[in-house]
Amino acid sequence: MPTTTWNRHHILSLADFTTTEYDTVLQTAASFQEVLSRRTKKVPTLQGQVVANLFFEPSTRTRSSFEIAAKRLSADTLNFAAATSSITKGETILDTAKTYLAMGTDIMVVRHREAGVPNAIAAEMDRLGVRVSVLNAGDGQHEHPSQALLDLFTICTLIDPASPRLELLKGKKIAIVGDILHSRVARSNIWSLIASGAQVHLAAPPTLLPKLFAEYILEEVGGKEQGAGSRGQGAKGDKLILSSPSSPTLHSRLPTPQLFLHWQLEPALQNADFVMTLRLQKERMTAHLLPSLREYHQLFGITRTKLQLCKPKVKVLHPGPVNRGVEISSDLMDDPEFSLIQSQVTSGVAVRMALLYLLGSGKA
Amino acid sequence: MPTTTWNRHHILSLADFTTTEYDTVLQTAASFQEVLSRRTKKVPTLQGQVVANLFFEPSTRTRSSFEIAAKRLSADTLNFAAATSSITKGETILDTAKTYLAMGTDIMVVRHREAGVPNAIAAEMDRLGVRVSVLNAGDGQHEHPSQALLDLFTICTLIDPASPRLELLKGKKIAIVGDILHSRVARSNIWSLIASGAQVHLAAPPTLLPKLFAEYILEEVGGKEQGAGSRGQGAKGDKLILSSPSSPTLHSRLPTPQLFLHWQLEPALQNADFVMTLRLQKERMTAHLLPSLREYHQLFGITRTKLQLCKPKVKVLHPGPVNRGVEISSDLMDDPEFSLIQSQVTSGVAVRMALLYLLGSGKA
Amino acid sequence: MPTTTWNRHHILSLADFTTTEYDTVLQTAASFQEVLSRRTKKVPTLQGQVVANLFFEPSTRTRSSFEIAAKRLSADTLNFAAATSSITKGETILDTAKTYLAMGTDIMVVRHREAGVPNAIAAEMDRLGVRVSVLNAGDGQHEHPSQALLDLFTICTLIDPASPRLELLKGKKIAIVGDILHSRVARSNIWSLIASGAQVHLAAPPTLLPKLFAEYILEEVGGKEQGAGSRGQGAKGDKLILSSPSSPTLHSRLPTPQLFLHWQLEPALQNADFVMTLRLQKERMTAHLLPSLREYHQLFGITRTKLQLCKPKVKVLHPGPVNRGVEISSDLMDDPEFSLIQSQVTSGVAVRMALLYLLGSGKA
């Protein structure tokens, strides 16, 4: 592993990740990617440490990824499944977390359907003065940092396998397409991509990217970029870059605008280097946010034909699980020339090994 | 372990298993049986490899058996439970399998309520050109190879503990009693027993062994034995060996008929060396395939009295879980003089270690 | 580990635990507590052995505690979850246990909602002449020995961290407050505390400590203390020490009465050294055993104000999960000056390692 200084004790959000932190994760993950190509894919790094997967929301993919990452670091794992737990007996979430703390857990990987739960657990651990680390594995519609970091790693290793680093994305055009409103994956990706200097184009139907919400995103990202001082009513119009059939694209007056929002797919795809598709929850249909899956696919589904708008070597990502023929056409998903979906899953193990290693190795 | 040449990449069915393959499994399992008698029952054979138990159908017994087998080979295990999985999120089974592939799984142990799912996953893995092995842990009413192999091992080690091999069963009479129609266990057992040269007698009520289905079995097995050329309408009658109150037993005109079908229990038990009972799904009752469990037990349940028809040293097998007093009388099940049921479970771990070893050790 | 002679093959109940056995558990747990303070919290003691958690009743806390204890002893673990098991397929509990036996399980940790199930499994294992150990992890309203032992360890290490032993509790006043009637935790604690020479004061509303039941407890404990010969109708009145608004406290005529029962909280708390609260199952409400949680808290909930009746350094225990503001006020639960709740969970891992070690190391 690269010797590095890592000071972050919890990984809850990418909003305040530094360039150095991104690069440390990318380089550490690259080292583990190498370990995973060996015959014996195990290292003794976290021997004797306990990683508890506290999944208050059901999950197979992410839980398995963290579990195999922990096992390959030789950690012991505990799986908590909400369905058979004390939660149903009226225990609070913080009490559950403190129970796992008291059992000797070193790292808690937390998923919950409500935003802020991992933060609340981390705050409680800090208040108690204990050395347990909390890793957010997806909280409500807030953030999913490990997913965004594995997306970043997947893209960066494609550009430079020997030395993945944040600056490789500078100036790249990256489209994020789909259910922006409800996506914790999109939220985390926006932070990492903006930090990299990429041009980020969000595309969604207006129901999944309402104007108020679009203004909120621009405010949040823009406000951070320019410091708190520039936040204000007047600045919003400057950064609101929306293209739609009824209202033409508004161009920002900022020197280098990085975040663009579209109610149509085409301007987002135009000359894009990468297209990140988001999972469409079928529940959105019943909430009348979408007319039909077929219409969604027609307007915002990614197909070979639509990809012709992008750069010739464009690649498509999806966090999974995919609704084939909805977010992305079935044949495209299976085409290794365009799809990075399998690489994302493989990167996921390496990136999660890196995150557990960075959090765990400081506990010596 | 015996040094051996093992070329099979997946274990999906016993239909095309060769004598050499059967004997390799039996000898390898015998070596592991010896390991299991030691104080430290672990070997480092599959260290660093990942065995994923993809159980789309709930199971405790088979999953635990594979899990402990994998752990004793020092593999890391991942358990996939359909209930809490992405399957409910609309992901296809092949996409789930590919996700576990991308996470670095070396061997997938697959159970599904639909026949052919393990084959479909194996075909997809081969299409992708990856080295992952698929092991069928029961697919619908199709096959359950590891169960039949552990049955085989249990019987062969009883006859010759030092050197279990297929030829030991030559000429033995083995009755398979129960719900033939719905049993994947019976199907896999028929292949291995026919291959061994045993005389296989199936006994079931007509509802659980309908005439058309009986003809299908005879066709399939007979057709294979004589090569594809002899398959045909005319040959069927020759092999249809059914005994029932209304239609007397038809004797085959083949030189050495091996498969006999009965609608009564008695002719199957007559001079039998082994009796394999099958689990009766209580759901069959509601489907009006059986009058009552009591009547089933009276006609086809195995008791001490009925065993007097068999050879004096007859042994009884059951794949479990047993409905006591239905397929087999409760006292008989617990009598070590007749029951091999516990030996089967123990053999199961050794045989599954052998299968995982044979599939996994080629991946170096 | 201390070299010791440990002859008990199963841990099912504390009713017949000897002082030597208590002290052996306490000393062994203290050794493991030390292991748990190291960076690498693992010892190879049970390498190659299999610990099966047979939890027929859902549990997270106790199962996780046993699981991490087993893993830190380097044992392999199997988890059995009743929901996805053969139990639903009609298999008997003993057959399930025998299946895990046949798979090579060395120690079975059993929880069941019916009293006596672990005993029945242990009796069956003994009948079969096998060396498998059974550890009761909670059976109905009967016993929960590992919980009582961890409570004991928590208290004793507080008094003398270097050398926890049973005699430290001699003469201490310990209140057990709450749903005595339904509590397996209370039952096991009564045995260990009486054995230690402590003064045990049970306090509960009459619905949760009915007179007949109170007489039964006194009979059982008193009968044992004096040998079977003194059990009888006449002796009961002598030991019935009940205080209630309507009937004043009855003082025993025994030389050193140790067990006192109260229908009010205050006399139990008066000068108490330790207060053990019990979890209140909310189901008791619907059974009309309690007027409301609020009223319960007012009368029997532990608060700072009520603790002023106790000794100044009083400590409060709870087996968890806690209903905050019901059995104990929320702020008190989090106050390390009074609450031992987190210590109990930590002790739990050390004590369970000790129990698995004592059962498992004899199997060499």
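Per chain, the residues get numbers from 1 upward, laid out in the order the sequence is written. Chains carry letters and ligands carry numbers; both start at the beginning, A for chains and 1 for ligands, and go up in the order they are written. This being a predicted model, a pLDDT of at least 70 is required before a residue's local features are given, and a value of 80 or more before pairs of side-chain atoms are given or counted; all residues contribute to the totals for chains, interfaces and linings.

1. Digging into the relation of the copies chain B and chain A
Of the transformation placing chain B onto chain A, the axial shift is 0.1 Å and the rotation is 120°, giving an RMSD of 0.0 Å. On the angle and the small slide along the axis, the relation comes out as a three-fold axis. What sets the superposition is a least-squares fit of C-alpha atoms, and only residues with pLDDT of at least 70 in both copies go into it.

2. So, the confidence of the model for chain A
pLDDT: the predictor's confidence for each residue, scored from 0 to 100. The share of residues in chain A with pLDDT of 70 or more is 85%, and the mean pLDDT across the chain is 86. Contact between residues is assigned whenever the C-beta positions, reconstructed from backbone atoms, fall within 7 Å. Throughout residues 224-255 of chain A the model reports pLDDT below 50, and contacts reaching past four residues in sequence, or to other chains, amount to 46 contacts.

3. Quick look at the sheet that holds strand β3 (residues 107-112) of chain C
Sheets are built from strands that pair by backbone hydrogen bonding, the pairs being arranged parallel or antiparallel. Residues and elements named next belong to chain C. One requirement defines pairing of two strands: DSSP has to find at least two bridges between them. Numbering goes from the N terminus for both helices and strands, where a helix is a DSSP run of H or I of at least four residues and a strand is a run of E of at least two. Taken in spatial order, the 4 strands of this open sheet run β2-β1-β3-β4, and their pairing is parallel. The outermost strands of the open sheet, each flanked by one partner alone, are β2 (76-81) and β4 (133-139). Put simply, the sheet's adjacent strands are angled 15° from each other on average, direction ignored. Axis angles are defined between N-to-C directions and span 0 to 180 degrees, where every axis is a line fitted to C-alpha atoms and, for a helix, only to the segment in contact.

4. Description of the interface of chain C and chain B
Contacts between the two partners involve 20 residues from chain C, matched on the other side by 24 residues from chain B. Of all the secondary structure elements, the ones that give two or more residues to the side of chain C that touches chain B are β2 and α3 (93-102) of chain C. When residues of the side of chain C that touches chain B are assigned to their parent elements, the largest contribution, 4 residues, is made by α3 of chain C. Residues are grouped as follows: nonpolar covers Ala, Val, Leu, Ile, Met, Phe, Trp, Tyr, Cys and Pro; charged covers Asp, Glu, Lys and Arg; every other residue, Gly included, is treated as polar. Of the residues contributing to the side of chain C that touches chain B, the split by class is 6 nonpolar, 9 polar and 5 charged.

5. Let's talk about the interface of chain B and chain A
Across the boundary between the two partners, chain B contributes 20 residues, which contact 24 residues of chain A. Going through the elements one at a time, β2 (76-81) and α3 (93-102) of chain B are the ones with two or more residues in the side of chain B that touches chain A. Looking at the side of chain B that touches chain A residue by residue, the class counts come to 6 nonpolar, 9 polar and 5 charged.

6. A short note on the sheet that holds strand β2 (residues 76-81) of chain A
Residue and element names in this part refer to chain A. If you trace the 4 strands from one edge of the open sheet to the other, you get β2-β1-β3-β4, paired in parallel fashion. Both outer strands of the open sheet, β2 and β4 (133-139), are each paired with one neighbouring strand and no more. Strand-to-strand twist in this sheet, taken as the mean axis angle between neighbours without regard to direction, amounts to 15°. Relative to strand β3 (residues 107-112), strand β1 (residues 50-55) is paired through 5 bridges, and the arrangement is parallel. Across the sheet, the residue bridging to Phe55 is Arg111, located in β3.

7. With respect to the domain arrangement of chain A
Residue and element names in this part refer to chain A. The split into domains, and so the bounds of each, comes from an automatic or database assignment of domains. Considered domain by domain, chain A is made up of domain 1 (19-143 + 346-363) and domain 2 (145-344). The interface is formed by 22 residues belonging to domain 1 together with 24 residues belonging to domain 2. At the level of elements, α1 (19-36), β4 and α14 (341-360) are the ones that each hand at least two residues to the side of domain 1 that touches domain 2. A total of 7 residues in the side of domain 1 that touches domain 2 trace back to one element, the largest contributor, which is α1. Taken together, the residues of the side of domain 1 that touches domain 2 break down into 8 nonpolar, 9 polar and 5 charged.

8. Quick word on helix α1 (residues 19-36) of chain B
Residues and elements named next belong to chain B. Each helix should span, by expectation, one fewer than its residue count multiplied by 1.5 Å. With 18 residues, α1 should cover 26 Å at 1.5 Å per step; its first-to-last C-alpha distance of 26 Å lies within 8% of that length. Regarding α1, the residues found buried are Glu21, Tyr22, Val25, Leu26, Thr28, Ala29, Ala30, Phe32 and Gln33. Of the surrounding elements, those touching the buried residues of α1 are α5 (145-159), α6 (184-196) and α14 (341-360). Residues with at least 20 other C-beta atoms within 10 Å of their own are called buried, those with 12 or fewer are called exposed, and the rest are partly exposed. The C-beta atoms themselves are positioned from the backbone.

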